[in-house]
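Inside the fold
Chain by chain, the residues:
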Amino acid sequence: MSVEQAPVHRADFDQVMVPNYAPAAFIPVRGEGSRVWDQAGRERVDFSGGIAVNVLGHCHPALVNALTEQGNKLWHVSNVFTNEPALQLAKKLVDATFAERVFFCNSGAEANEAAFKLARRVAFDRYGEEKYEIVAALNSFHGRTLFTVSVGGQPKYSDGFGPKITGIRHVPFNDLEALKAIVSDKTCAVVLEPVQGEGGVLPADLAYLQGARELCNQHNALLIFDEVQCGMGRSGHLFAYMHYGVIPDIVSSAKSLGGGFPIGAMLTTEALAKHFPVGTHGTTYGGNPLACAVAGAVFDVLTTPGVLEGVQAKHQKFKARLEGIGQHYGIFSQVRGLGLLIGCVLSEAWKGKARAVFDAAEQENLMILQAGPDVIRFAPSLVVEDADIDEGLDRFERAVAKLTQG
Ligand code: PLP
């Protein structure tokens, strides 16, 4: 029996919610594949994917099935007990990656928090208390806990919250010389997003990641890849490190991992995992059966032959059309990214106006994303139908045409 709920509207947000978000004017109520419907029944094409989360679109039957099946069995037991979906998912991740051990949590920030704490603990145990520096890239994004905003290198997210976590050094992204100049025997870890997501959909250069790997080896530092946004299929490979062929010591994952159900994971080796013995780290919900059952289904669909292979063709379809739009309307200077994480860099004349493009798209019933003020970001479902790509990009072109033609 369900209890009838009072109607709510967007205006209620401002009355009852902490004002740290500014959601769109409409409220989505239903989704299917790459389409979403709002309260008024208006249909939209979704190229935002819940910020690179809905990797299989909305309400994918395999995910709905996993969720309802598990929902009728067992929701939560805590880590006082283990559970079948968590062990099944961990085995899948271990079998498919460099990793030998998995720590589950609930978000990207928590996966990174675990990664940073593990790196410091490993260095402390092996080399003593002087080896604690974390080297990260400017303009990176690793989450919103105090540790992760401190590592993130964007003062707008970390200023004004009292003393920051210290022992973190920042260098420009994709600048190997700058990395060489700063990594030392005090460095416990170098943390990089193989594709900077929030920072503007900026893929790392291969030589940069290879150089980072070598530097870490020279200085007994760990290489951490934050694959919260670019991992779990988005690059066209299960993880972006596989695209580059550079093996990290720790990978953090979230977002697409659960396809819309909150889950995060830190993947690492057995030798490193040993430094988190019983009681050193934890979270009540980590490895929750519902989350792991859904993530297990996401994994199974993503690794079905043909799914990841299809990402490259969809990338080309997006890129060709977006480049055409960029040229025709003079709005983009570059279309970049890997797989289905695509960034369109606004041209000089449109710099700083990503919000206006976002709003214009909304008017045309299209959901897209910004990645900062200068980049329009597309993070659609990896199984988005070609017809939806065409329809969504038609809407996008109409939005850009109206915007640029006044
Ligand atoms: N790391 C990266 C690369 C991200 O893009 C994000 C979120 O955008 C995070 C970490 C934080 O993840 P969450 O919001 O799930 O804490």
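From a predicted model like this one, the values you see are computed outputs, not experimental measurements.

Here we look at the side chain of Thr268
Relative to the helices and strands, Thr268 is located in strand 12 (residues 264–268). Under the relative-accessibility criterion, Thr268 is labelled buried at 1%. At a separation of 2.9 Å, a polar atom in the side chain of Thr268 contacts the main-chain carbonyl oxygen of Asp249. Setting aside residues up to four positions removed in sequence, Thr268 forms contacts with Phe98, Ala99, Glu100, Arg101, Leu118, Asp249, Ile250 and Ala273.

Focus on the packing of helix 13 (residues 307–329) against helix 15 (residues 386–404)
Between two packed helices, both the angle of their axes relative to each other and the distance between the axes serve to describe the pair. Orientation of helix 13 relative to helix 15, taken along the N-to-C sense of each, is 15 degrees, at an axis distance of 11 Å. Classified by the interaxial angle, the pair formed by helix 13 and helix 15 is roughly parallel. The handedness of the crossing between helix 13 and helix 15 is right-handed. Along the contact surface, helix 13 presents Lys314, Lys317, Phe318, Arg321, Leu322, Ile325 and Tyr329, while helix 15 presents Asp386, Ile389, Asp390, Leu393, Asp394, Phe396, Glu397, Val400, Ala401 and Thr404. Classifying every residue of the contact of helix 13 with helix 15 gives 9 nonpolar, 1 polar and 7 charged.

Concerning the pattern of salt bridges
Applying the stated criterion across every chain yields a total of 23 salt bridges. Between Asp249 and Arg213 there is a salt bridge, with the nearest N and O atoms lying 3.0 Å from each other. Here Asp249 is found in the loop between helix 10 (240–244) and strand 11 (250–253), whereas its partner Arg213 is found in helix 9 (residues 206–218), with 36 residues between them in sequence. Pair check on accessibility: Asp249 and Arg213 agree, each one buried. Residues Arg395 and Glu391 are paired through a salt bridge, measuring 2.8 Å at the closest nitrogen-oxygen approach. Of this pair, Arg395 and Glu391 are both found in helix 15, 4 residues apart, which corresponds to roughly one turn of the helix.

Brief notes about the sheet that holds strand 17 (residues 375–378)
Strand order across the open sheet formed by 4 strands is 13-14-17-16, with antiparallel pairing between neighbours. The open sheet has two edge strands with one neighbour each: strand 13 (332–338) and strand 16 (369–370). Packing of helix 13 onto the sheet brings it into contact with strand 13, strand 14 (341–346) and strand 17, and relative to strand 13 it is tilted by some 170 degrees.

What to know about the domain arrangement of the chain
If you check the domain split of the chain, you get domain 1 (10–59 + 308–404) and domain 2 (74–302). Each of domain 1 and domain 2 has a C-alpha centre, and the two are 27 Å apart. Tallying the contact residues gives 23 residues for domain 1 and 25 residues for domain 2. Between domain 1 and domain 2 the total buried area reaches about 2000 Å² when both faces are included, carbon and sulfur atoms providing 64% of it. Joining domain 1 to domain 2, the criterion identifies 1 salt bridge. Between Arg377 and Glu198 there is a salt bridge whose closest N-O contact spans 2.8 Å. Applying the counting criterion to the domain 1 and domain 2 interface returns 8 residue pairs in polar contact (both at pLDDT 80 or more). When contributions to the side of domain 1 that touches domain 2 are tallied by element, the ones reaching two or more residues are helix 2 (49–52), helix 13, strand 13, strand 14 and strand 17. Considering only residue class, the side of domain 1 that touches domain 2 consists of 16 nonpolar, 5 polar and 2 charged.

Regarding helix 12 (residues 289–302)
Taking 1.5 Å as the rise per residue, helix 12 with 14 residues should run 20 Å; its terminal C-alpha atoms sit 20 Å apart, in good agreement. For helix 12, the buried fraction is high: 13 of the 14 residues fall into the buried class. You can read the cap of helix 12 off the contacts: a side-chain oxygen lies 2.9 Å from the backbone nitrogen of Leu290, and it is on Asn288.

Side note on the site of the ligand
Neighbouring residues of the ligand: 13 residues in total, closest Gly108, Ala109, Asp226, Gln229 and Lys255. At 2.8 Å from an oxygen atom of the ligand is found a main-chain nitrogen or oxygen belonging to Ala109. One of the side-chain nitrogen or oxygen atoms of Lys255 is found 3.1 Å away from an oxygen atom of the ligand. For the shell around the ligand, the residue count by class is 3 nonpolar, 6 polar and 4 charged.

A few points about unusual backbone geometry
Of note, Ser78 is a non-glycine position whose phi angle comes to about 75 degrees, a positive value. A positive phi angle is found at Asn174, which is not glycine, with a value near 65 degrees. Tracing the backbone through its elements, the reader meets Asn174 in the loop between strand 6 (168–171) and helix 8 (176–182).

Looking at the packing of aromatic side chains
On inspection of all chains with the given rule, the structure shows 10 aromatic pairs. For the pair Phe378 and Phe396, a centre-to-centre distance of 5.2 Å together with 85 degrees between the ring planes defines the contact as edge-to-face. Taken together, the residues Phe378 in strand 17 and Phe396 in helix 15 connect sequence positions 18 residues apart. The exposure classification of Phe378 matches that of Phe396, with both residues buried. Three or more aromatic residues joined by ring pairs make a cluster, and in this case those are Phe47, Phe318, Phe332, Phe378 and Phe396. Sitting over the ring of Trp350, Lys353 keeps its end group 5.4 Å from the ring centre.

Points about the environment of Thr68
Of note, Thr68 is situated in helix 3 (residues 61–71). The class of Thr68 is partly exposed, set by a relative accessible area of 43%.

Cut-off values and rules
- Residues numbered from 1 in each chain as written.
- Predicted model: local features only at pLDDT ≥ 70, side-chain atom pairs only at ≥ 80, totals over all residues.
- Heavy atoms only, no water.
- Helix = DSSP H or I, 4+ residues; strand = E, 2+ residues; numbered from the N terminus.
- Buried < 20%, exposed > 50% of the residue type's maximum accessible area, 1.4 Å probe, protein only.
- Polar contact = N/O pair within 3.5 Å; in protein donor to acceptor, adjacent residues only side chain to side chain.
- Contact = heavy atoms within 4.5 Å.
- Axes fitted to C-alpha atoms, helices over the stretch in contact; angles between N-to-C directions.
- Parallel < 35°, antiparallel > 145°, perpendicular 65-115°, else oblique.
- Left-handed = near helix turned anticlockwise from the far one by under 90°.
- Nonpolar A, V, L, I, M, F, W, Y, C, P; charged D, E, K, R; others polar.
- Salt bridge = Lys/Arg side-chain N within 4 Å of Asp/Glu carboxyl O.
- Pairing = 2+ DSSP bridges.
- Domains from an automatic or database assignment.
- Buried area = accessible area lost by both parts, 1.4 Å probe.
- Expected span 1.5 Å × (residues − 1).
- Near = heavy atom within 4 Å.
- Phe/Tyr/Trp six-rings, centres within 6.5 Å; stacked < 30°, edge-to-face > 60°.
- Lys NZ or Arg CZ within 6 Å of the ring centre and 35° of its normal.

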